[in-house]
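Read off the chains here:
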Amino acid sequence: MPPQAVVGVEADDVAVTAALSSAQTEPENPLIAGLERLPVAPTTLVIFGATGDLARRKLLPALYNLAHDGALPERFHLVGVARREKQHEDYRAECAQAIRQFSRRTPDEDVLKGLLEHVKYVPGVFDDASVYAELGKVLDGFEERAATKLNRAFYLSTAPAFFPVIVEELGKSELAHHEGAEVRVIIEKPFGTTLQEARELNRRVLAIFDESQVFRIDHYLGKETVQNMMAFRFANGMFEPLWNRNYIDSVQITAAEDLGIGTRAGYYDHAGALRDLIQNHMLQLLCHVAMEPPVSFTAEEVRNEKVKVLQAIPAPTAEEIPELAVRAQYAAGHAGGEAVPGYLQEEGVPEDSTTETYAALRLEVDNWRWAGVPFYLRTGKRLARKITEIAVTLKPVPHLAFSQDGSLGVQPNQLVLTIQPNEGVALRLGAKIPGTRMIIRPVSMEFLYGTAFLSQSPEAYERLITDAMRGDATLFTRNDEVEAQWQICDPIVKYWAPAHQQSPAHPQSPGPLAQYEAGSQGPKEAENLLLDDHHWRAI
Ligand code: BG6
């Protein structure tokens, strides 16, 4: 199928109308009431940090793919803001290069050209008021030419230290509100590095913008498979009756990566695995498993339910942390058949760093539905392979009437939702091995995205950028949600902090930092978190 028309008034009107009319012909389904997509109004997207890694690898390719699908709004414009002086033309060439290198599709030259015609560049440092004056002129210029007001979305894809600076400059230069149009601010992660910082950042952002204008990114929420968890739980009647402490024995969430930290030591050594993945992405996955069905799929209802889950997780006390949390660092080993260095030998990592590259936690959701069910979370760099999955293990059957031999292979049912790669859902069942004897072994019933839908899933950022432009905050983290996430992780962050970062008033001894070989299953110490006869699944 040829790519649909790109940006530009007439062409896009067709694309937008086509999208709307196909939406109107879809049958009404009460289960997805509230999920109907609001139209994307004409918008100018401003990316601060426009030449950074995230913009090049994710944001620009996502915009290209939206253009390819005819999913950008009519009269879409893009403005890149970054420190270096350069001409519009040079920035456009850089955009094209990034899109060619990182897009999931080989770019169609006409689509690319159409997109780039609407791109401008504003150079300058983020605390310089003149940058915002210039930006204002560019934005006004688009409106004059369009003879109408255009929505504005400011995407903060910079180092986190600039988030409050940019927000405050937008406020001072009167760009945070625009009569007759919507102004939105999209804030990348990390949203603070402690509870206190997250609160302070919320305070500064909300002094300028209303919460309804703020879109805090957690790119896991844009993943198809994460969204499918809602479909899986709330569009199927068969799981919900079992989805509680009476039938579920434990939940295990894994986000394993085979890569090391690459060139990101500057960021990663100050973050560590707990802040980098657990505080945000993995707690979001947990929320999707544990939340109550929302009354409707509106941003407020969905996020209310997630906040309730987070608030039901008791923050671990200093006495509990050694029992509930394990941290470790990778040592040299092998990845992809090649010898790879340990964390301390990676470029840019201080030789005495105690930053964890692996973290595992045992949490409990202390409410009527889940009390007593352990939720195990683990993440790490340089593990055996990349896999993100959620395994829900049911309680064993109460009685096995088979002979001793027959029963040997019986295992509790387990439902595994694979978020990536090989996206899909597998249900472990017991089945009789064909033959004259009654012998049972586990088999797997599988649904795989790749074979069921035969289509390529959009990248998370494609969904998130359109949702933000459309004003739908369902897949973004609300202010109380991000603080509730920090509330759980903050005591552990403080407990594990190196001596010079410990609070003088409450110094703690962070305990040993375990090690694991690169390319392995992780540290053996992680076994200590497991209750009863639980085991970590093989990575
Ligand atoms: C990012 C982390 O948020 O998520 C990275 O900063 C991590 O360290 C990445 O590698 C994982 O994302 P994905 O989509 O590859 O699972």
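Criteria and cut-off values
- Residues numbered from 1 in each chain as written.
- Predicted model: local features only at pLDDT ≥ 70, side-chain atom pairs only at ≥ 80, totals over all residues.
- Heavy atoms only, no water.
- Salt bridge = Lys/Arg side-chain N within 4 Å of Asp/Glu carboxyl O.
- Helix = DSSP H or I, 4+ residues; strand = E, 2+ residues; numbered from the N terminus.
- pLDDT = per-residue confidence, 0-100.
- Contact = heavy atoms within 4.5 Å.
- Near = heavy atom within 4 Å.
- Polar contact = N/O pair within 3.5 Å; in protein donor to acceptor, adjacent residues only side chain to side chain.
- Areas by Shrake-Rupley, 256 points an atom, 1.4 Å probe, with all protein chains shown as cover.
- Core = buried A, V, L, I, M, F, W, Y, C linked by side-chain atoms within 4.5 Å.
- Buried < 20%, exposed > 50% of the residue type's maximum accessible area, 1.4 Å probe, protein only.
- Pairing = 2+ DSSP bridges.
- Axes fitted to C-alpha atoms, helices over the stretch in contact; angles between N-to-C directions.

1. Topic: the pattern of salt bridges
Pairing between side chains becomes possible if they bear opposite charge and their charged atoms approach one another.
Part 1: In this structure the tally under the stated criterion is 35 salt bridges.
Part 2: Glu 89 is the salt-bridge partner of Arg 92, the closest N and O atoms lying 2.5 Å from each other. With Arg 92 and Glu 89 both in helix α3 (residues 88–102), this residue pair falls 3 residues apart, about one helical turn.

2. Thoughts on the confidence of the model for the protein chain
Part 1: Mean pLDDT over the protein chain stands at 91; residues scoring 70 or higher make up 93%.
Part 2: Here residues 1–36 is modelled with pLDDT under 50, and outside its nearest four sequence neighbours on either side it reaches 41 contacts, counting other chains as well.

3. Quick word on the site of the ligand
Part 1: Around the ligand, the neighbouring residues are Lys 189, His 219, Tyr 220, Lys 223, Glu 257, Arg 264, Asp 276, Leu 277, His 281, Lys 381, Lys 386 and Gln 420.
Part 2: A distance of 2.5 Å is found between an oxygen atom of the ligand and a side-chain nitrogen or oxygen belonging to Tyr 220.
Part 3: One nitrogen or oxygen atom from the side chain of Lys 381 is found 2.7 Å from an oxygen atom belonging to the ligand.
Part 4: Here the ligand has 400 Å² of accessible area as a free molecule, and 80% of this is covered by the chains.

4. Thoughts on the nonpolar core
Part 1: Judged by nonpolar contacts, the single largest core of 150 residues is most densely connected at Leu 45, Phe 48, Leu 135, Phe 154, Leu 286, Phe 375 and Ile 390.
Part 2: Among the elements that make up this core, the one with the highest residue count is helix α9 (residues 265–290) (13 residues).
Part 3: In contact with Leu 286, other than residues within four places in its own chain, are Ile 253, Val 309, Ile 313, Leu 363, Val 365, Phe 375 and Leu 377.

5. Re the side chain of Glu 211
Part 1: By secondary structure assignment, the location of Glu 211 is in the loop between α7 (195–208) and β6 (214–216).
Part 2: Glu 211 sits in the buried class, given a relative accessible area of 18%.
Part 3: Those residues in contact with Glu 211 that lie beyond four places of it in its chain are Leu 206, Arg 216, Arg 478 and Asn 479.

6. Things to note about the sheet that holds strand β8 (residues 325–331)
Part 1: Here we have 9 strands laid out as an open sheet, ordered β16-β15-β14-β13-β7-β12-β11-β8-β17, and mixed in their pairing. Both outer strands of the open sheet, β16 (440–448) and β17 (514–517), are each paired with one neighbouring strand and no more. Between one strand axis and the next, the sheet turns through 20° on average, direction left out of account.
Part 2: Relative to strand β15 (residues 424–432), strand β14 (residues 414–420) is paired through 5 bridges, and the arrangement is antiparallel. Note that in β15 the partner of Leu 417 across the bridge is Val 425.

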